[in-house]
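In case you want the letters, here they are:
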Amino acid sequence: MTPTTIILFYKYTHVVDPQSWADAARNLAQQLHLKGRLLVAHEGVNGTFEGTPDEVEVFVKWMQEQPQFADVDFKRSEGTGDAFPKLAVKVRNEIVGWRLGEDDVNPQEMTGKYITAEELHEWIHSDKEFYIVDMRNDYEHAVGFFKNSVLPPLQNSRDLPSILPQLEHLRGKTIVTVCTGGVRCEKASGFLIKKGFADVYQLYNGIVTYMEKYPNEDFLGQLYVFDGRITMGFNIADPAHVVVGKCGWCGNATENYIDCAYLHCREKRHFLCCESCVAKEGGFCTEICRGKHERGEVPGGQEDQLQRL
């Protein structure tokens, strides 16, 4: 099997003509047989691709030759050959769908101070008072998180304003926001600053960089990723690796994600389920979804319309 590399990258920077830039990136990615996702907006770019090491490096070089992207940090990890089903390059209003409206922030003007993996490691192993706030979705940190971190119940990025009451006790405290590769923390940390949180940091280059430098040390479990791997870790065969994920049915330790077998699930569409319960419960996330499946219910029916009222 031909070795492949997965790259993860982003940058908040003004893109004058997002459509033209997206078209150029798509054309090159197609020529290089890359697969993955890329979002382009006036505010910047956010992407992840998989390809052979040589193909990936050609794309990296193309970006680095453009002055505004010369300083982009490309995070590399070992690929699987099928991490993405296709290539998708799209122009959007945002490179992360926060939809903050009047509370939107420009990370080039307002964002948290950067803290490197090495600096955070030093803080964690010192007596310094600070609080790590995880800005990922709840189903992501279900399988891995920093020890003693604050885990707000975000179901998606648009929930950010709703978690402010749960962070009120941290006003006046030092906060370090964390996310997978860093892009979500750019606006999330800026949003907290705008809302009056004065001492806000963000983990530079994200959790993936910390895990690579300090595997199985302070970040427990595995890292959820948005590709075919679903989760990734470093040295997970090491006895020091801790499984923190819990099966949604029996509560036993697991790192196995599945999609609910009910195609129209509105409960826990993507959830942790051990192999035993996959077989026993048929792959459904709840009894509710099992019942709807058995009754053949589909969205748009009378019961579904009543639930929306």
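If you're wondering where the values come from, they're calculated on a predicted model, not measured in any experiment.

(A) Geometry of the nonpolar core. Membership of the largest hydrophobic core comes to 23 residues, with the highest contact counts inside it found for Val133, Leu160, Leu167, Leu170, Leu192 and Phe197. Secondary structure elements with two or more residues in this core: β1 (5-12), α5 (164-167) and α6 (183-194). When residues of this core are assigned to their parent elements, the largest contribution, four residues, is made by α6. Discounting chain neighbours no more than four positions away, the residues touching Leu167 are Val133, Val150, Pro152, Leu192 and Phe197. Counting 22 residues, the second-largest nonpolar core is a separate cluster that includes Ile7, Ala22, Leu28 and Ala29.

(B) Region of the structure containing the confidence of the model for the protein chain. The predicted model of the protein chain has a mean per-residue pLDDT of 94, with 96% of residues at 70 or higher. A low-confidence stretch, residues 302-309 stays under pLDDT 50, and its non-local contacts, those more than four residues away or across chains, total eight contacts.

(C) Representation of the packing of aromatic side chains within the structure. Here the structure, examined in full by the defined rule, presents 16 aromatic pairs. Geometrically, the ring pair formed by Trp123 and Tyr201 is edge-to-face, given 5.1 Å between the ring centres and 80 degrees between the ring planes. Of this pair, Trp123 sits in helix α3 (residues 117-124) while Tyr201 sits in strand β10 (residues 199-203), placing them 78 residues apart in sequence. A relative accessible area of 16% means that Trp123 is categorised as buried. Centre to centre, the rings of Tyr224 and Tyr257 are 5.1 Å apart; their planes meet at 80 degrees, and the pair counts as edge-to-face. Pair noted here: Tyr224 is in strand β12 (residues 223-224) and Tyr257 is in strand β14 (residues 257-259), with a separation of 33 residues, a long-range link.

(D) The arrangement of the sheet that holds strand β5 (residues 87-91) in detail. Within the open sheet, the five strands sit side by side as β4-β1-β3-β2-β5. Their pairing is mixed. Where the open sheet ends on each side, the last strands, each with one partner, are β4 (75-78) and β5. The mean inter-strand angle of the sheet, taken between neighbouring strand axes irrespective of direction, is 10 degrees. Pairing between strand β2 (residues 35-41) and β5: five bridges, direction parallel. When the bridges of β5 are listed, Leu38 appears paired with Val89. Running at roughly 170 degrees to β5, helix α1 (residues 18-31) makes contact with β2, β3 (44-51) and β5 of the sheet. Sheet contacts for α6: β1 and β3; angle to β1, the most-contacted strand, approximately 30 degrees.

What counts and what doesn't
- Residues numbered from 1 in each chain as written.
- Predicted model: local features only at pLDDT ≥ 70, side-chain atom pairs only at ≥ 80, totals over all residues.
- Heavy atoms only, no water.
- Core = buried A, V, L, I, M, F, W, Y, C linked by side-chain atoms within 4.5 Å.
- Buried < 20%, exposed > 50% of the residue type's maximum accessible area, 1.4 Å probe, protein only.
- Helix = DSSP H or I, 4+ residues; strand = E, 2+ residues; numbered from the N terminus.
- Contact = heavy atoms within 4.5 Å.
- pLDDT = per-residue confidence, 0-100.
- Phe/Tyr/Trp six-rings, centres within 6.5 Å; stacked < 30°, edge-to-face > 60°.
- Pairing = 2+ DSSP bridges.
- Axes fitted to C-alpha atoms, helices over the stretch in contact; angles between N-to-C directions.

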